[in-house]
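Reading the structure
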Amino acid sequence: MSLASDASLAAWHLAAVVVLAGALPAPGAASADARGTTVTLALTHASHPVPRGAPTTVAYLPPGAARGAPQVLVVLHGWTCCAAAMIASEAARCAGRVRPGWGLGARVDESDTASLLLVPQLSLAERDGSAGRFAERGFFGAWLAETLDALAARLPGGVDRWRDAPVALVAHSAGFETALAITRDPSSARRVHLVALLDALYAGAPALARWVVRDPARHVLSVHTGAGRTRDESARLASLAQRARTPGERVARVRIEASRAGHGALPGLLLTRIAREFAAQRAAGASP
């Protein structure tokens, strides 16, 4: 599927998430969602404060039969979002209101990859894109380790294959601030191999260019909707990365693409493709 997705697909996604509302499961609960399992967690390593009883991270584990090498997709949401609603296919009551599900767990199923999907709760239902504690050195690694430990406690033996798996950061909209904060942390270098920005690169092109050119295993995808700051900053990123490219390098490790889909539709439309391409690049020996 092309990133310049048809408007009909965007309309399908938006229609698919308008369903009956339900309550979010309590932190620590596991529930069936799509073909895999959704687990809500209340972690010590929480990047942003949440109300009592609200999860700080929500995970989606694919079906046990999911094929291929394990990989971790960390979705960094934008303004006014709820982590559990990002994964759910059905609407949920969160922060005092009903929010449509984004269906990202089902998109992982469609990818047919061994992708563990993690959504940390950033600013809950607020117009705030700050990175919170993800701006602290070492926090990303500590959060990831605690998340895997908490999942292992809930599902013994179910997460061992993801302990050392490479990570893709998938940032939508204001989630770019958290993605940039994580890439600035040297301790995350071993794990993060891909940054995918979905109409999200409002600023930070120089820092991201420096990050990607330092290691041939790193890749960046920036998708914009054809106008405004994300288009201009994406073009700036491409120019900076090209100038720093190693002579003779055959693989374009920075890709810029335009989409005709709406801003809010991009995560649902593109997560399946991102998961597949992340897996394919690694299998081909060009690990992003």
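Residues numbered from 1 in each chain as written. Predicted model: local features only at pLDDT ≥ 70, side-chain atom pairs only at ≥ 80, totals over all residues. Heavy atoms only, no water.

Before going further, it helps to spend a moment on the state of the cysteines. In this structure the tally under the stated criterion is one disulfide. Covalent S-S linkage joins Cys82 and Cys94, the inter-sulfur distance amounting to 2.3 Å. Measuring handedness by torsion sign, the sulfur bridge of Cys82 and Cys94 sits at about 95° and is right-handed. A residue pair is termed long-range when its members are at least 10 positions apart, and Cys82 in the loop between β5 (71-76) and α2 (83-87) and Cys94 in strand β6 (residues 92-94) qualify at twelve residues. One exposure class covers both Cys82 and Cys94, and it is buried. (Disulfide = S-S within 2.5 Å. Helix = DSSP H or I, 4+ residues; strand = E, 2+ residues; numbered from the N terminus. Buried < 20%, exposed > 50% of the residue type's maximum accessible area, 1.4 Å probe, protein only.)

Phi at Asp112 takes a positive value of approximately 55°, unusual for a residue other than glycine. Positionally, Asp112 belongs in the loop between α3 (104-111) and β8 (115-120). Overall, Asp112 belongs to the partly exposed group, its relative accessible area being 32%. Of note in the backbone geometry, Ser173 takes a positive phi value of approximately 55° without being a glycine. For Ser173, the position within the fold is in the loop between β9 (167-172) and α5 (176-183).

Further remarks concern helix α7 (residues 228-243). Under the 1.5 Å per step criterion, the end-to-end length of α7 is 23 Å for 16 residues, consistent within 8% with the ideal 22 Å. Residues Thr230, Glu233, Ser234, Leu237 and Ala241 constitute the buried set of α7. Seen from one end, α7 has its buried residues packed into an arc of 105°, which puts them on one side. Buried residues along α7 sit in contact with α6 (205-213), β11 (219-224) and β12 (254-258). (Expected span 1.5 Å × (residues − 1). Arc of directions from axis to C-beta. Contact = heavy atoms within 4.5 Å.)

Inspection of every chain in the model, using the stated rule, returns nine salt bridges. Among the salt bridges present, the one from Asp149 reaches Arg163, with a minimum N-O distance of 2.7 Å. Of this pair, Asp149 sits in helix α4 (residues 139-154) while Arg163 sits in the loop between α4 and β9, and the two are 14 residues apart along the sequence. Classification of Asp149 by relative accessible area gives partly exposed; the value is 44%. (Salt bridge = Lys/Arg side-chain N within 4 Å of Asp/Glu carboxyl O.)

Turning next to the pairing of β11. With six of its six residues buried, β11 lies for the most part within the structure. Alternating positions in β11 separate into two faces, His219, Leu221 and Val223 on one and Val220, Ser222 and His224 on the other, with burial throughout. Bridge count between strand β10 (residues 192-198) and β11: five bridges; the pairing is parallel. Directly across from Leu197, in β11, lies its bridge partner Ser222. The β-α-β motif built from β10, the intervening α6 and the parallel element β11 has right-handed crossover chirality. Looking at chain direction, β11 and β12 are connected through five bridges and run parallel. Opposite Leu221, over in β12, you have Arg255 as the bridge partner. (Pairing = 2+ DSSP bridges. Right-handed = clockwise from strand over helix to strand, strands pointing away.)

Here we come to the confidence of the model for the chain. Summarising the model, the chain shows a mean pLDDT of 84, and 83% of its residues fall at 70 or more. Per-residue pLDDT stays below 50 along residues 1-26; that stretch engages in 51 contacts with residues further than four places along the chain or on separate chains. (pLDDT = per-residue confidence, 0-100.)

With that settled, consider the pairing of β9. The element β9 is largely enclosed, with a buried count of six among its six residues. Burial of the side chains of β9 extends over both faces: Val167, Leu169 and Ala171 are buried on one face and Ala168, Val170 and His172 on the other. Taken together, the five bridges between β5 and β9 define a ladder with parallel strand orientation. Across the sheet, the residue bridging to Leu73 is Ala168, located in β9. Bridging between β9 and β10 involves six bridges; their strand directions are parallel. Across the sheet, Val167 pairs through a bridge with Val192, a residue of β10. Regarding topology, α5 serves as the crossover connection from β9 to the parallel β10, and that connection is right-handed.

A few words now on helix α8 (residues 266-283). Given a rise of 1.5 Å per residue, 18 residues ought to cover 26 Å, and the 25 Å separating the end C-alpha atoms of α8 matches this to within 8%. Maximal helix bending in α8 amounts to about 25°, located at Thr272. Taken as a whole, α8 has its buried residues at Leu266, Pro267, Gly268, Leu269, Leu270, Leu271, Thr272, Arg273, Ile274, Ala275, Phe278 and Arg282. (Bend = angle between axes of the 7 residues up to and from the residue.)

Between two packed helices, what matters for the description is the angle formed by their axes and the separation of those axes. Viewed as axis vectors pointing N to C, α3 and α8 meet at an angle of 35°, and their least axial separation amounts to 8 Å. The two elements α3 and α8 cross, and the hand of that crossing is right-handed. Here Leu104, Arg107, Val108, Glu110 and Ser111 of α3 lie close against α8, whose contacting residues are Pro267, Gly268, Leu271, Thr272, Ala275 and Arg276. (Axes fitted to C-alpha atoms, helices over the stretch in contact; angles between N-to-C directions. Left-handed = near helix turned anticlockwise from the far one by under 90°.)

For the pair α6 and α7, the least separation of the axes is 9 Å and the interaxial angle reads 40°. Taken together, the axes of α6 and α7 are oblique relative to one another. Crossing of α6 against α7: the hand is right-handed. Only Glu233, Arg236, Leu237, Leu240 and Ala241 of α7 make contact with α6, whose side of the interface consists of Ala205, Pro206, Leu208, Ala209 and Val213. Among the residues making up the contact of α6 with α7, the classes are represented as eight nonpolar, no polar and two charged. (Parallel < 35°, antiparallel > 145°, perpendicular 65-115°, else oblique. Nonpolar A, V, L, I, M, F, W, Y, C, P; charged D, E, K, R; others polar.)

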